[in-house]
Amino acid sequence: MVHAYYTDILDELAGDLQQMPVPYVLMVSVVDADAATAVSRRFESLTNVRALHVRVVPNRGRDIAPFLLDFHNEILALDLVCHIHTKKSHYTGSEQSEWRRYLLNSLLGGRDRIAWILGMFQATPELGMVYPDTFAKAPWWAHTWLSNLENARELGARLGLHIDPLAYIDYPVGSMFWSRTEVLRPLFDLGLSRDDFPPELGQTDGTLQHAIERLLGQVVRQQNRVLGILPASGALALRSEGERNWTAYFSATPSQRIAFAAIEAECISFDLFDTLVTRPFLHPSGTRAYLAHRVERVFGLSNFAALRELAEARARAENGRDVSTSAIYAAMARLPELRGQDVAEIRELELATEARLLKPRRGVLDAARTQACAGKRVIAISDMYLTASELRHVLPAPVTTALQEIHVSCETGWRKDSGDVWRQLPERASVVPARWLHVGDNEHADVQLPLALGFIGPVHAMRPASLFDVVPALRPLRPKPDLLHRWPDQLWLGLLANHFGELADRSPGAFTPRLVIESPETFGYVVLGPLLLDYCTWLARMTRESGNPRLLFLSREGHLLLRAFRRLQQSDPNLAAVRASYLLVSRRAVNTPSLHRIEDLAPIFAAPYTGSLRTMLSARLGEAVADAVARELGPAAIAETVYLPEMGTELVERLRPAAAAILNIAREERDAYLAYWSAHTEGNTAIIADIGYAATIQTRLAQVTGASLHGAYFAVRRAALQAGGDRVAGRFHDGCRGDDCKPSPVMSHHLLLEAVLTAPEGQFSYFQLDANGPAPVHSSNAPPPAAWAVIDRVQAGALQFIDDFCDVTGADAGQLALDPFHVQQPLQCVGTGRWQLGDWARALAVEDQYTGRGKVSKEGILANL
């Protein structure tokens, strides 16, 4: 279907349509009779046109109205439709044939190309629509609702679509596409009329047709079909999500953009929230939900969020404009649900919570201070219910000192998103728009509107949460809708978004062409931190539910796990009774003491191994045992290659001549370990906390000590869960979830975790008894100093993440539950190569003598990923 508003390019269009390799129905809408004659004359001889329908339509609704209204029945009678038009894009100041040619070449650029697209529809039943990725000269922020939000919300309500006002969306920018007609039926069934579309006034945005254009992708996905987006390179390939010209944002830092744009500016205004300051939650709804949680905790008032929303709506209705917190809480005091409540105290809690949560956005704030020092007039503008006076109390001091003025809609009555502030404030400030630069995160209120009203080209400081929509490598972090209703999940995701936001403000080059985790601290913060936090909160729940307050963190992973858990204890007084400590133990350390007879070697030999007998005995039972066997069997026998578990039974028999020497060593090590155990532990019951996998240490430690031990593991194999019964539990495992039987990311990428979950000393081997009691003996496999320096930075990043989380949650920290699947997404992003690790990762290695692999370098770890 073609909308031919401009008839001077009919020859060009005919050349494109001539490429159609199959018979088709050609539907053309025009705006006058002369155009209809010209179209009929030019298109009637086209090859493969089975039927030509030309209709004169009112010049209203551009290409969208004729598509939905005038050819409604004809389109729905077909299986596929290609929608194109004679795009000229005069709003850029001149005709932009480049954009039109890009779209048409992508959709109709040759018989083979069209045949391939048609073939993809035939071969891929789930494919709903195909269109070109966004033209290179269109801004990335065009992938938001801009001035079309209200129209989109109204249509979305009728279509059953949720409209996220902050989302970046996929849609055919320029409204040219191939589509199955059935996926667009909901739009046809809206029953729109011509009068629903505005008269043609040369609008560049904000009309019904612009809203429908942006809804196309959402409607397709609502029908459980996927989008097929053709790459800008012209390659015959399809992506399910578009690139959205995201790399253009990362061509410079916000500070560099501001410095360049501010050269001719007299006044520089900044938005506040998400621009100069950030909250720790991913979405404003998370902040509201957290405040409601705090109000319920402090005042016992449930449903606060809904009550506050109702009070604000009533206050707005009474005043006919934005209102302050004073007006909101005055309206709240009149609600029957708050009878007897001191609303002034609740208001003070809200202001105190804002003050505690807000942090400066350093990359943008530094630019504001630089401009202020250069003599520029630096002010803030916000659509907000906090007054300027309240803002100066809740904003971080570095932000308030950088601002000469603060203008808020609840005091001025002028909002940015309505355009009023851009029309009124320049006159009050005595600065013409052409000498005024604005910086903000909202694509409509802070960028599109001031740009349209003649201000210096605004600087877009993308809100951190939008990075999850915009940067392809970060899109797996986007939460499903149910997680947005859980403020703890919004909190950890918001912390990650803010961390990536700082990185984008400081080092945008780290994001293109592929995301690179440039520092160990960032890896610790965004990958390891969420996993540790989730594990530790799970441990806290385990100790509370089991009634067992004794936690033993096993070396060497416990070096970090214990410190992470103690962060929660420091924050949450409910965990004060938990006695958490570090226990020196390893598989090697309990294997030998667990031997009471030579047959007890069988389970130790059940784990896989390939290599010499001596190396295996040294790794699993110690050098003393290896030496004893060498003396008994001779050097040739001890050097033989063994394969486990295949030769396990044979090896037990082969070592029987050395049984007395082996069991004597076992007895000595057992006595020494029991002396340590008695001095170190309290009682005979404890929960073991460890990275886990097979729970073998728990089993053998119980054999050695006779203690009643339960395992609460970071990760555990399904077989260990089944064998251990109610004594073994794991936060992550390799079992199935519904129809998905793939191992969890934690299990799939365990080598990477082992490389960073370690300690500065070598692996603990055994105790020696001397005059001072049991003295630990460690292997010589401690990380080299340079490697430990890197690992220490990774661990510092992880602990900083937990500190940031606890700073918000306070006494709630140990009682919260996170989504155990979503916290693994950052690790999965590294494991699948979406995120690249910087050169620092070359220091990572894993020592694995136990299975005969030896030292696994960074290359081996990443190859395993």
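For the structure, check the block above.
Residues numbered from 1 in each chain as written. Predicted model: local features only at pLDDT ≥ 70, side-chain atom pairs only at ≥ 80, totals over all residues. Heavy atoms only, no water.

(A) Representation of the sheet that holds strand β2 (residues 24-30) in the model. The seven strands lie next to each other as β3-β2-β1-β4-β6-β5-β7, forming an open sheet whose pairing is mixed. Where the open sheet ends on each side, the last strands, each with one partner, are β3 (49-56) and β7 (226-230). With respect to the sheet, helix α2 (residues 33-43) is in contact with β2 and β3, its orientation differing from that of β3 by roughly 170°. On top of the sheet, helix α5 (residues 97-108) reaches β4 (80-85), β5 (127-132), β6 (177-180) and β7; it is set at about 140° to β5, its chief contact. (Pairing = 2+ DSSP bridges. Helix = DSSP H or I, 4+ residues; strand = E, 2+ residues; numbered from the N terminus. Contact = heavy atoms within 4.5 Å. Axes fitted to C-alpha atoms, helices over the stretch in contact; angles between N-to-C directions.)

(B) Geometry of the sheet that holds strand β12 (residues 405-408). Here we have five strands laid out as an open sheet, ordered β12-β11-β8-β13-β14, and parallel in their pairing. Edge strands, defined here as strands with exactly one partner in the open sheet, are β12 and β14 (459-460). Pairing geometry for strand β8 (residues 267-270) and strand β13 (residues 436-440), over four bridges, is parallel. Residue pairing in the sheet places S269 in a bridge with H438 of β13.

(C) The pairing of strand β23 (residues 764-770), seen in detail. In this sheet, strand β24 (residues 773-778) lies alongside β23 in antiparallel orientation, the contact comprising six bridges. Across the sheet, the residue bridging to F764 is H778, located in β24. In textbook terms, the turn of a hairpin is the stretch between consecutive antiparallel strands, and for β23 and β24 this stretch comprises two residues.

(D) Quick peek at the packing of aromatic side chains. A complete count under the given rule lists 26 aromatic pairs for this structure. Their ring planes at 45° and their centres at 5.8 Å tell us that F553 and F565 sit as a pair that is tilted. Taken together, the residues span a long stretch of sequence, with F553 in strand β16 (residues 550-554) and F565 in helix α25 (residues 558-571) at a distance of twelve residues. Here a set of aromatic residues connected by ring pairs shows up, and it is made of W140, W246, Y249, F250, F500, F511 and W835. Residue placement shows K87 over the ring face of W99; its charged tip is 4.3 Å from the ring centre. The ring centre of Y249 lies 5.4 Å from the NZ or CZ of R257, which sits over that ring. (Phe/Tyr/Trp six-rings, centres within 6.5 Å; stacked < 30°, edge-to-face > 60°. Lys NZ or Arg CZ within 6 Å of the ring centre and 35° of its normal.)

(E) How the structure looks around the side chain of H3. One can find H3 in strand β1 (residues 2-3). With a relative accessible area of 5%, H3 lands in the buried category. Here S29 takes part through its side chain, which lies 2.6 Å from a polar atom of the side chain of H3. Discounting residues that sit within four places of it in the chain, H3 has contacts with S29, V31, V57, R62, D63, P66, I84, H85 and T86. (Buried < 20%, exposed > 50% of the residue type's maximum accessible area, 1.4 Å probe, protein only. Polar contact = N/O pair within 3.5 Å; in protein donor to acceptor, adjacent residues only side chain to side chain.)

(F) Region of the structure containing unusual backbone geometry. At the junction of T512 and P513, the peptide bond is cis and its omega measures out at -5° in the coordinates. Its location among the elements puts P513 in the loop between α23 (487-506) and β15 (515-517). Following S555, the chain continues to R556 via a peptide bond in cis, the omega torsion being 0°. With respect to the element layout, R556 can be found in the loop between β16 and α25. If you check the backbone angles, S430 has positive phi at about 60° while not being a glycine. Its relative accessible area of 63% is what places S430 among the exposed residues. One non-glycine residue, Y693, lies in the positive phi region at around 90°. Here Y693 falls in the buried class, since its relative accessible area comes to 10%.

(G) Representation of the nonpolar core in the model. Counting residues in each nonpolar core, the largest one holds 100 residues, and the members touching the most others are L474, F500, F511, F523, L532, F714 and W835. Of the residues forming this core, the biggest block, 13 residues, is contributed by helix α24 (residues 520-546). For L532, the contacting residues outside a window of four places in its chain are L560, L561, A564, F714, L757, A798 and I802. If you look at the next biggest cluster of nonpolar residues, it comprises 77 residues, including V2, L26, F71 and I75. (Core = buried A, V, L, I, M, F, W, Y, C linked by side-chain atoms within 4.5 Å.)

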